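Descriptive analysis of the structure
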Amino acid sequence: MGQGLEVINENIYYGAFHAVENVTMSIHKNAITALIGPSGCGKSTFLRTLNRMHEVTPKAYCTGEVLLDGVNLYGKDINLVDVRRQIGMVFQKANPFPTMSIRDNVLAGIRLNHKRLSKTEADDLVEWALQGANLWNEVRDKLSSPGIALSGGQQQRLCIARAVAMHPSVLLMDEPTSALDPISTLAIEDLITELKKEFTIVIVTHNMQQAARCSDYTGFFNVQGNGKPSHLVEFNQTEQLFSNPLQRETDDYISGHFG
Amino acid sequence: MQRNGLITSPIRSLRSRQYHDHAMTILIYSTACLALLPLIAILWSTISHGSTRFDWYFLTHNMKGVVGGLYPYGGVLNAILGTLLITITATLISVPIGLFTAIYMVEYAHGGVISTMISFLVDVMSGIPSIVAGLFAYALFSFFFGPGCINGFVGAVALSILMIPTVIRSCEQMLDIVPRDLREASYALGATKSRTIINIVLRSSLPGIVSGVLLAIARVIGETAPLLIASGSVSFTNLNLFNGRMSSLPVYVYNQYAEGMAVCSASARAAVHPCIPGIRMERAWAAALVLILIVLFLNLIGRFISHRFSVSHL
Ligand SMILES: Nc1ncnc2c1ncn2[C@@H]1O[C@H](COP(=O)(O)OP(=O)(O)OP(=O)(O)O)[C@@H](O)[C@H]1O
Ligand SMILES: [Mg+2]
């Protein structure tokens, strides 16, 4: 089951640079939330604060609260490992581990966290995760071949399977289809729609049709000018936001792209 | 005029470009051959000179009780084993130090003052003349264990002073080329930094690190000067790194060469196992051949590993 996220007054920094300002947003459970906005407006930056990946960058930090089912991820006695296990992430460029087979890639999260699984448990998990990522039928006969020997679209689905295998409650995706052809993109969009039954999904996309096609909620980020922090301009149900935006800025951005 | 120029000039320039292209190709090929010439000459002379004495007997006997050019002719076993022991010890010392320094530089120090300083020191260290490293190791051990402390371990320390900078640099390079994406993927799965470094970063760069280390070994295995000072030489096979002098191949070659021709009486020359005046040069060449074979072997293994197991070839 997915869990909802509550972002309250979040400010995000890269050292002295204030990247994103004062975001407050509710991410609904078992729904797809799309984040759109022009390049450089901080979509990726914001997304990475949701599973505390932002702080991996040297000197980067954020203030404010992110609540997962009421628990602040930035609270004092929160274990970073637990946060990232519960909130999985899929990157723009498919990044399966090159030294591992398809099977080992799916199990990588478990193994990296020192968990032991019996052979049958592992087999079941691999099948379940690959089924979930809609890749099982294509790779069931070559589970031991290297993960990077797959096509780009298959690699991206392998990365989704790797994230899914951790049984997260939230899945974050940063432009998961931007490096893929239209067919693979559709396959992944279908998959995402399927996945929302079990997970809460937040997806960053450059493609507004994609946001309109598959998301339930949409947030629009924008940046005022160079060096200024960007902010969340509007957040609403996707239909509302696209058909009847409340803000002039949103309207301009959407019509500029659709017009 | 204008039109004429337009038509003719591309043709002329095409011809002249083709001409230049040919000239360049010939130049490049001949330069490459020129660069290969010394290597071929060295291999050829080592093989042709070295093969006289290079046989099973030579490889399996030491120099104990060998007198002049007389029978028994002696062998190189003491030097082979010494070289192996000293080099392996030097590797065991330098790889952990070099690898951990490289990990610190790439994964932990994000261009701070300390890493700049280490980087500078590594550059300086890689310029240390090998004989100075030998003298230093000798002086260091003499200081602690009394004057005249010469053994295999002192030699290994001298060699590791020469090896460490190479190992640091090659490990750094190998860690650097592991894509950021993989580290992030690992963090995003909840892995800790140390787990990520061990299971993802080191695992991906392992082939490169191994072949880098093998090439570093190949570079120091022929070092003569530091071992001449720090390990010396001895006629019998000494397998104790910490007690007494220990022979090595390069020092063996040097000693044989330095002793020069043997004196042989007419009757000794006519014996069943004749006295051979030039035997020391023969031994020097044969030992040199052993050394070159070991270096070639290390190079081949290094290349094979980096080729066969590198990630891009999977
Ligand atoms: N590692 C970093 N260090 C400093 N500033 C950064 C870093 N990464 C991003 N930024 C800055 O933060 C701002 C937001 O960048 P971000 O990558 O989040 O944009 P984005 O909306 O994802 O853009 P795109 O659509 O092109 O991916 C930009 O001004 C960028 O220059
Ligand atoms: Mg981005």
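Not measured: the values here are computed from a predicted model.

Further remarks concern the overall build of chain A. Within chain A, the regular secondary structure consists of ten helices and ten strands. Against the compact-globule benchmark of 18 Å for 259 residues, chain A has a radius of gyration of 18 Å, which places it among compact chains. Taken along its principal axes, the extent of the C-alpha atoms in chain A is 55 × 45 × 30 Å. Going through the 259 residues of chain A one by one, you find that 55% of them count as buried. Look at the contacts in chain A between residues 6 or more apart in sequence, and 68% of them connect residues 24 or more apart.

A separate point is the packing of aromatic side chains. If you walk through the whole model with that rule in mind, you get nine aromatic pairs over all chains. A centroid spacing of 6.2 Å and a plane angle of 10° characterise the contact between A:Tyr217 and A:Phe235, whose relative ring orientation is stacked. Of this pair, A:Tyr217 sits in strand β9 (residues 217–223) while A:Phe235 sits in strand β10 (residues 230–237), and the two are 18 residues apart along the sequence. The class of A:Phe235 is partly exposed, set by a relative accessible area of 24%. With a centroid separation of 5.3 Å and an interplanar angle of 90°, the aromatic rings of B:Tyr71 and B:Tyr73 are classed as edge-to-face. Among the aromatic residues, ring-to-ring pairing joins B:Phe141, B:Phe145, B:Phe153 and B:Phe242 into one connected group. Against the face of A:Phe97 rests A:Arg162, its NZ or CZ located 4.6 Å from the ring centre. Taking NZ or CZ as reference, B:Lys193 lies 4.4 Å from the ring centre of B:Tyr108, over its face.

Moving on to the packing of helix α4 (residues 113–126) of chain B against helix α6 (residues 152–176) of chain B. All names here are of chain B. It is the contact of α4 with α6, at a shortest axis distance of 9 Å, that shows an interaxial angle of 130°. Relative to α6, the element α4 is oriented oblique. Like other packed secondary-structure pairs, α4 and α6 cross with a definite hand, here left-handed. Here Ser 119, Val 122, Asp 123, Met 125 and Ser 126 of α4 lie close against α6, whose contacting residues are Ile 161, Ile 164, Pro 165, Ile 168 and Arg 169.

Two numbers describe a pair of packed helices, the interaxial angle and the distance between the axes. All names here are of chain A. Two elements in contact, helix α6 (residues 152–164) and helix α7 (residues 182–195), have axes separated by 10 Å at closest approach and are oriented at 20°. When the axes of α6 and α7 are compared, the pair comes out roughly parallel. The two elements α6 and α7 cross, and the hand of that crossing is right-handed. Contacts between α6 and α7 involve Gly 153, Gln 156, Arg 157, Ile 160 and Val 164 from the former and Ser 184, Ile 188, Leu 191 and Leu 195 from the latter. Residue classes in the contact of α6 with α7 are distributed as five nonpolar, three polar and one charged.

Glancing now at the interface of chain A and chain B. Many descriptions give the size of an interface as the accessible area lost when the pieces come together. Each partner contributes residues to the interface: chain A has 26 residues there, and chain B has 20 residues. Both faces combined, the contact of chain A with chain B buries some 2000 Å², and carbon together with sulfur accounts for 67% of it. It is A:Phe97, A:Thr99 and A:Leu112 in chain A that bury the most area against chain B; as a group they hold 29% of the surface buried on that side. Residues A:Arg48 and B:Glu184 are paired through a salt bridge, measuring 2.8 Å at the closest nitrogen-oxygen approach. Elements supplying a minimum of two residues to the side of chain A that touches chain B: α2 (80–86) and α3 (102–112) of chain A.

Attention now moves to unusual backbone geometry. Here the residue pair B:Tyr71 and B:Pro72 is connected by a cis peptide bond, since its omega of -5° sits within 30 degrees of zero. Along the chain, B:Pro72 falls in the loop between α2 (56–60) and α3 (77–108). In this model, A:Asn30 sits at a positive phi of 55°, which is unusual for a non-glycine residue. If you trace the backbone, A:Asn30 turns up in the loop between β2 (17–27) and β3 (32–36).

This brings us to the domain arrangement of chain B. Residue and element names in this part refer to chain B. Looking at the assigned domains, one finds that chain B contains domain 1 (10–50) and domain 2 (56–313). Between domain 1 and domain 2, the C-alpha centre-to-centre distance is 33 Å. The interface is formed by seven residues belonging to domain 1 together with six residues belonging to domain 2. Between domain 1 and domain 2, the buried area comes to about 560 Å², and carbon and sulfur atoms account for 84% of it. On the domain 1 side of the contact with domain 2, Thr 46, His 49 and Gly 50 bury the most area, a combined 68% of that side's loss. For the pair domain 1 and domain 2, the number of links is zero residue pairs in polar contact (both at pLDDT 80 or more).

Criteria and thresholds
- Residues numbered from 1 in each chain as written.
- Chains lettered and ligands numbered in written order.
- Predicted model: local features only at pLDDT ≥ 70, side-chain atom pairs only at ≥ 80, totals over all residues.
- Heavy atoms only, no water.
- Helix = DSSP H or I, 4+ residues; strand = E, 2+ residues; numbered from the N terminus.
- Rg over C-alpha atoms; globule rule 2.2 N^0.38 Å.
- Buried < 20%, exposed > 50% of the residue type's maximum accessible area, 1.4 Å probe, protein only.
- Contact = heavy atoms within 4.5 Å.
- Phe/Tyr/Trp six-rings, centres within 6.5 Å; stacked < 30°, edge-to-face > 60°.
- Lys NZ or Arg CZ within 6 Å of the ring centre and 35° of its normal.
- Axes fitted to C-alpha atoms, helices over the stretch in contact; angles between N-to-C directions.
- Parallel < 35°, antiparallel > 145°, perpendicular 65-115°, else oblique.
- Left-handed = near helix turned anticlockwise from the far one by under 90°.
- Nonpolar A, V, L, I, M, F, W, Y, C, P; charged D, E, K, R; others polar.
- Buried area = accessible area lost by both parts, 1.4 Å probe.
- Salt bridge = Lys/Arg side-chain N within 4 Å of Asp/Glu carboxyl O.
- Domains from an automatic or database assignment.
- Polar contact = N/O pair within 3.5 Å; in protein donor to acceptor, adjacent residues only side chain to side chain.

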